[in-house]
Amino acid sequence: MPLKEWVCFFKEYILSDDVNDEVAESLIKHLVDLGAMDRVDDDDFGWRSYKYENNSSDLLNTIQENLILLCESDSGFALPYFIGFKNLSKKPLESISVIHRSSPHTFANNSCLETMMGQPASDLSNLQIVKKVGKQLQPFLQLEETLVSRLIGEHVGKQDAQKLFHYMFAKIGVKAKPRTWEQLSRKKHR
């Protein structure tokens, strides 16, 4: 079947209701990288373990069974976030990231900031703001870098992997803890 037909099929029978067409296309490419699907030609795809002499009612059962098995594997860690036909347990993204982090990057140290900016900041208050924001965003950036690198494959490029990651990240629904107000300046404004 062509990619557009697979997207319609997956959105109707397999995926959660909130998955859009772009994310579904990226997920299908990811399934090709995982070996669950085959790319027949430029736009046609087929399910690998489905025998075409079987009737089409078996296709849905075959896909669902194979996806459940893939979800239990290490390479299929992302699939439970997308599946809507069954409530599967989702591994926390942080635990996936910690296990497979190859090299931690530090974004908040002075030398890295000066290298990124090309020259030292002239205004100390701006440098402090950049350091603070860098420290706050560092865990998210490391999580994104680790998971996107795991999702990139022969058929899934960086943009597709980022679409999958952002969908997964939106599904966890974790909000940051409220922060207490702190005074940044002692100057009184009149």
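Just so it is clear, the structure is predicted and the values come from calculations on it, not from any experiment.

## Side note on a nonpolar patch on the surface
Then, in step 1: Nonpolar side chains collect at one region of the surface, where Ile129, Val133, Leu137 and Leu141 lie side by side and expose about 310 Å² of accessible area between them.
Then, in step 2: With respect to the helices and strands, Ile129 occurs in helix α6 (residues 124–151).

## A few points about the pattern of salt bridges
Then, in step 1: The final tally for this structure, using the stated rule, is six salt bridges.
Then, in step 2: Here Asp18 makes a salt bridge to Lys171, at a shortest N to O gap of 3.7 Å. With a gap of 153 residues between them, Asp18 in the loop between α1 (3–13) and α2 (21–34) and Lys171 in helix α7 (residues 158–172) connect regions that are remote in the sequence.
Then, in step 3: Classification of Asp18 as partly exposed rests on a relative accessible area of 45%.
Then, in step 4: Ionic pairing is found between Asp38 and Arg48, a salt bridge with its closest N-O pair at 2.4 Å. Linking Asp38 in strand β1 (residues 37–39) with Arg48 in the loop between β2 (45–47) and α3 (57–72), this pair joins segments that are 10 residues apart in sequence.
Then, in step 5: In this structure Asp38 comes out as partly exposed when scored by relative accessible area, which is 28%.
Then, in step 6: Of the residues examined, Arg48 reaches a relative accessible area of 46% and is grouped as partly exposed.

## Examining the confidence of the model for the protein chain
Low pLDDT marks stretches whose predicted atomic positions should not be read closely.
Then, in step 1: Considering every residue of the protein chain, the mean pLDDT works out to 76; 72% of them sit at 70 or more.
Then, in step 2: Within the protein chain, the lowest mean pLDDT, 44, falls on helix α5 (residues 110–117), and the highest, 90, falls on α2.
Then, in step 3: In this model, residues 101–117 is a region of pLDDT below 50 whose contacts with residues beyond four sequence positions or in other chains number 23 contacts.

## Some points on the environment of Thr146
Then, in step 1: By secondary structure assignment, the location of Thr146 is in helix α6.
Then, in step 2: As for Thr146 and Leu93, which are separated by 53 residues in sequence, their C-alpha atoms are 9.9 Å apart.
Then, in step 3: Side-chain polar atoms of Thr146 contact the backbone oxygen of Gln142, separated by 2.8 Å.

## Remarks on the nonpolar core
Then, in step 1: In this structure, Trp6, Phe10, Trp47 and Phe82 are the most contacted members of the largest nonpolar core, which totals 41 residues.
Then, in step 2: Every element with two or more residues in this core is listed here: α1, α2, β2, α3, α6 and α7.
Then, in step 3: Among the elements that take part in this core, α2 stands out by supplying six residues, more than any other.

## Looking at the environment of Asn20
Then, in step 1: Structurally, the position occupied by Asn20 is in the loop between α1 and α2.
Then, in step 2: According to the relative accessible area criterion, Asn20 is partly exposed, its value standing at 40%.
Then, in step 3: It is 9.7 Å that separates the C-alpha atoms of Asn20 and Tyr167, two residues lying 147 residues apart in sequence.
Then, in step 4: Among the polar contacts made by the side chain of Asn20, one reaches the main-chain amide nitrogen of Glu22 at a distance of 3.3 Å.

The rules behind the values
Residues numbered from 1 in each chain as written. Predicted model: local features only at pLDDT ≥ 70, side-chain atom pairs only at ≥ 80, totals over all residues. Heavy atoms only, no water. Patch = residues over 30% accessible without salt bridge, like charges linked within 9 Å, V, L, I, M, F, W, Y side chains within 5 Å. Areas by Shrake-Rupley, 256 points an atom, 1.4 Å probe, with all protein chains shown as cover. Salt bridge = Lys/Arg side-chain N within 4 Å of Asp/Glu carboxyl O. Helix = DSSP H or I, 4+ residues; strand = E, 2+ residues; numbered from the N terminus. Buried < 20%, exposed > 50% of the residue type's maximum accessible area, 1.4 Å probe, protein only. pLDDT = per-residue confidence, 0-100. Contact = heavy atoms within 4.5 Å. Polar contact = N/O pair within 3.5 Å; in protein donor to acceptor, adjacent residues only side chain to side chain. Core = buried A, V, L, I, M, F, W, Y, C linked by side-chain atoms within 4.5 Å.

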